[in-house]
There are 2 protein chains.
Amino acid sequence: MVRINRKLEYALMVLKYMSAKAPSELTTAKEVADFIKGPFDTIAKVMQQMVHSELLRSEQGVQGGYFLATNLNKLNLFKLNEVVSGPMELVKCFDEDHHCELSSHCNIQSPLVTLNRKLIDFFQELSISELLRIKSPLSAKSQSVKKEVAG
Amino acid sequence: MVRINRKLEYALMVLKYMSAKAPSELTTAKEVADFIKGPFDTIAKVMQQMVHSELLRSEQGVQGGYFLATNLNKLNLFKLNEVVSGPMELVKCFDEDHHCELSSHCNIQSPLVTLNRKLIDFFQELSISELLRIKSPLSAKSQSVKKEVAG
DNA sequence: GTTAAATACGACATATTTTGTCGTATTTTC
DNA sequence: GAAAATACGACAAAATATGTCGTATTTAAC
Ligand code: FES
Ligand code: FES
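Residues numbered from 1 in each chain as written. Chains lettered and ligands numbered in written order. Predicted model: local features only at pLDDT ≥ 70, side-chain atom pairs only at ≥ 80, totals over all residues. Heavy atoms only, no water.

## Some thoughts on the relation of the copies chain B and chain A
Cut-off, in case you're wondering: Alignment of the copies relies on least squares applied to C-alpha atoms, considering only residues that score at least 70 for pLDDT in both. Any two residues whose heavy atoms approach within 4.5 Å at even a single point are treated as in contact.
Each copy of the sequence occupies a distinct position, and chain B is placed on chain A by a rotation of 180 degrees and an axial shift of 0.0 Å, giving an RMSD of 0.0 Å. Here the transformation between the copies is reduced to the relation of a two-fold axis. Within chain B, V2 of chain B has its C-alpha nearest the rotation axis, a separation of 2.6 Å. Mapped onto chain A, 100% of the interface residues of chain B again fall at the interface, so both copies present the same surface.

Right, dumping it as structure tokens:
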């Protein structure tokens, strides 16, 4: 099976939620959790992971929170998935720590390499701002630049 | 996470293995299991599922086995995944029996619909014969037709 | 300086999904 | 009738995903 998981959804929800605010405004994990009626702890951890990979930045203490620290035009779904799930191959066989026990007699290795590559490309080409239809100041700017180049 | 699972791999292995034979020759589950050094029962069940969806046909009894019953040019990865995993949405939220408890407050529903659609398209456009680089008589024929149309 | 609200983070617990095994029945050839 | 194969449901085990808890730290407000 091939499915999108919750943590990736939470990450998308967080970005969607935060991108509706002014860039300087802080957002707390509680705020998001309340808004989407989801589990605070899990969502908070996702946001912390996003800080690690510098998608967000955080301020601690009372009145602390998170704010966007990246251009969502340059962020893609592949990257975002890595942020929440850690780096991993999309075809299990090729994952470092997985070690596929069939690999020595496998008759579809090269097809799987191809598939792995195609999946990576697919997710890399999916920009978050496009997917979430975000029109931030930055986003709008980049879009128009893109248009000029394209047209 | 977003990953290809074993059953789909087994199905691909089976098709790869069988497509190397003459169309009339039978292949047993044991034969495939021995060849790839995989678990007989699981592989057998995958082949049985393929019979249900008429990708293969079977003959019972001693000297029984399976043979290809479909044009692999017309088979795509989406369909093959459905055959081994049953019909299901690629974004869990939209799955009939899953019922996403966040859906009433979800702020990314429309993006998820888009993503779901794109994933389906991606897998539907991946033809099995192309992926496995199969050059069966049928396959070769269709390929040349395709070329003529394209060129 | 104490309290409250927030992030930070690891360890654990639970739930779900995936993967494999077993038992048993049926079909067919020898 | 025995052997080799498919057929299939129920179960078991393993892996993964998801959520919870405990505790520490930071900072603003009082
Ligand atoms: S099944 Fe893992 S490498 Fe082919
Ligand atoms: S999280 Fe399920 S519909 Fe949005």
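## Some thoughts on the interface of chain B and chain A
Using the following cut-off: Any Lys or Arg side-chain nitrogen located within 4 Å of an Asp or Glu carboxyl oxygen qualifies as a salt bridge. Side-chain atoms alone can form a polar contact between residues adjacent in sequence; in general such a contact is a pair of N or O atoms within 3.5 Å, and within protein one must be able to donate a hydrogen while the other accepts it. The way it works is that DSSP assigns letters per residue, a run of H or I at least four long becomes a helix, a run of E at least two long becomes a strand, and they are numbered from the N terminus.
The interface is formed by 46 residues belonging to chain B together with 46 residues belonging to chain A. In this structure, the connection of chain B to chain A is made through four salt bridges. R6 of chain B is paired through a salt bridge with E101 of chain A; the nearest N and O atoms lie 3.5 Å apart. Joining chain B to chain A, the criterion identifies 12 residue pairs in polar contact (both at pLDDT 80 or more). When contributions to the side of chain B that touches chain A are tallied by element, the ones reaching two or more residues are α1 (6–19), α2 (29–36), α4 (77–85) and α5 (109–124) of chain B.

## Describing helix α3 (residues 40–52) of chain A
Residue and element names in this part refer to chain A. For the record, the criterion: What a helix is expected to span follows from its residue count: subtract one and scale by 1.5 Å. The rule is simple: take the accessible area with a 1.4 Å probe, protein chains only, and divide by the maximum for that residue type; under 20% is buried, over 50% is exposed, in between is partly exposed. In this description, the arc belongs to the directions extending from the helix axis to the C-beta atoms.
In a regular helix each residue adds 1.5 Å, so 13 residues correspond to 18 Å; α3 covers 18 Å between its end C-alpha atoms and thus fits that length. I43, A44, V46, M47 and M50 are the residues of α3 that are buried. Here the buried residues of α3 occupy an arc of 160 degrees about the axis, which is enough to place them on one side. Exposed positions of α3 whose direction lies more than 90 degrees from the buried face are D41, K45 and H52.

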